[in-house]
Structures are given as C-alpha cells and as structure tokens.
Amino acid sequence: MRSHSIRFGDRTKGVTLEDAFWEALKEIARRHRMTISDLVREIDAQRQHNNLSSALRLYVLGFYRSQIPDLADP
C-alpha cells in the first residue's frame, strides 16, 4: 500500500491504495485521455462512499468488470 496525493483545487487529499489499483487508475485515465488527478476528482464527485480509497477500488473493479463479455449468452 502506498499513499498518493491528489490535488483538489487549492487543497490536497492523501489516498492510500495498493500499487495494482494505482496502476489500473493510471491506465484508465490514459484510455479516457485525462490526467489521473482529473479521473480521481471525477470519481470523488460521484462517489457514494465515505472513503475515497474504497470508491477508487470499486471504480476500478467496475471498469474492468464492464470489459468482460456477458458469458450468460451462448
């Protein structure tokens, strides 16, 4: 686990994530052609959880789960 600082306007928030989640967020940000800070701010604005780190993990999980084709259809 590693702590990262994200700038939110004139303030900074510390976010603690496992390296695998941080790398996934960087990859997702690149795919969306945005900075990782912009992606995290977007997730923060839409989150329904008190904990930003948890919201980021759930976002990453949801992103990659959405990439899996529906295996229920033959």
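The rules behind these values
Residues numbered from 1 in each chain as written. Predicted model: local features only at pLDDT ≥ 70, side-chain atom pairs only at ≥ 80, totals over all residues. Heavy atoms only, no water. Helix = DSSP H or I, 4+ residues; strand = E, 2+ residues; numbered from the N terminus. Buried < 20%, exposed > 50% of the residue type's maximum accessible area, 1.4 Å probe, protein only. Contact = heavy atoms within 4.5 Å. Areas by Shrake-Rupley, 256 points an atom, 1.4 Å probe, with all protein chains shown as cover. Lys, Arg positive; Asp, Glu negative; His and termini not counted. Charge placed at Lys NZ, Arg CZ, Asp CG, Glu CD. Salt bridge = Lys/Arg side-chain N within 4 Å of Asp/Glu carboxyl O. Axes fitted to C-alpha atoms, helices over the stretch in contact; angles between N-to-C directions. Parallel < 35°, antiparallel > 145°, perpendicular 65-115°, else oblique. Nonpolar A, V, L, I, M, F, W, Y, C, P; charged D, E, K, R; others polar.

Engineer: Residues and numbers for the overall build of the protein, please.
Structural biologist: Looking only at helices and strands, the protein features three helices and two strands. For the protein, the succession of helices and strands along the chain, N to C, is β-β-α-α-α. Here the C-alpha coordinates of the protein stretch approximately 50 × 25 × 25 Å along the principal axes. For the protein, the proportion of its 74 residues judged to be buried stands at 28%. Put simply, of all contacts in the protein between residues at least 6 apart along the chain, 47% involve residues at least 24 apart. With the model as given, the accessible surface of the protein reaches about 5,300 Å², and the carbon-plus-sulfur share is 48%. Measuring between centres, the 12 positive side-chain charges of the protein sit 6 Å from its 10 negative side-chain charges.

Engineer: So what's going on with the pattern of salt bridges? Which residues, and what values?
Structural biologist: Summed over the entire model, instances satisfying the criterion amount to six salt bridges. For the salt bridge of aspartate 44 with lysine 13, the shortest nitrogen-to-oxygen distance reads 3.5 Å. Residue aspartate 44 is found in helix H2 (residues 36-46), and its partner lysine 13 is found in strand E2 (residues 11-17); the two are separated by 31 residues along the sequence. Across the salt bridge formed by aspartate 44 and arginine 47, the nearest N and O atoms sit 2.6 Å from each other. Using a relative accessible area of 15% as the deciding quantity, one classes aspartate 44 as buried. One salt-bridge network, held together by shared partners, links Lys13, Asp44 and Arg47.

Engineer: Could you give me a rundown of the packing of helix H1 (residues 19-31) against H2, with the residues and numbers involved?
Structural biologist: Interaxial distance between H1 and H2 falls to 9 Å at its minimum, and their mutual angle equals 100°. Put simply, H1 runs roughly perpendicular to H2. Here H1 contributes Trp22, Leu25, Lys26, Ile28 and Ala29 to the contact with H2, which in turn contributes Ile36, Leu39 and Ile43. For the contact of H1 with H2, the class distribution of residues is seven nonpolar, no polar and one charged.

Engineer: Got a sec to walk through the environment of serine 3? Specific residues and values, please.
Structural biologist: Tracing the backbone through its elements, the reader meets serine 3 in strand E1 (residues 2-8). Along the backbone, serine 3 and phenylalanine 63 are 60 residues apart, and their C-alpha atoms lie at a distance of 22 Å. Serine 3 has contacts with Gly14, Val15 and Thr16, leaving out every residue within four places of it along the chain.

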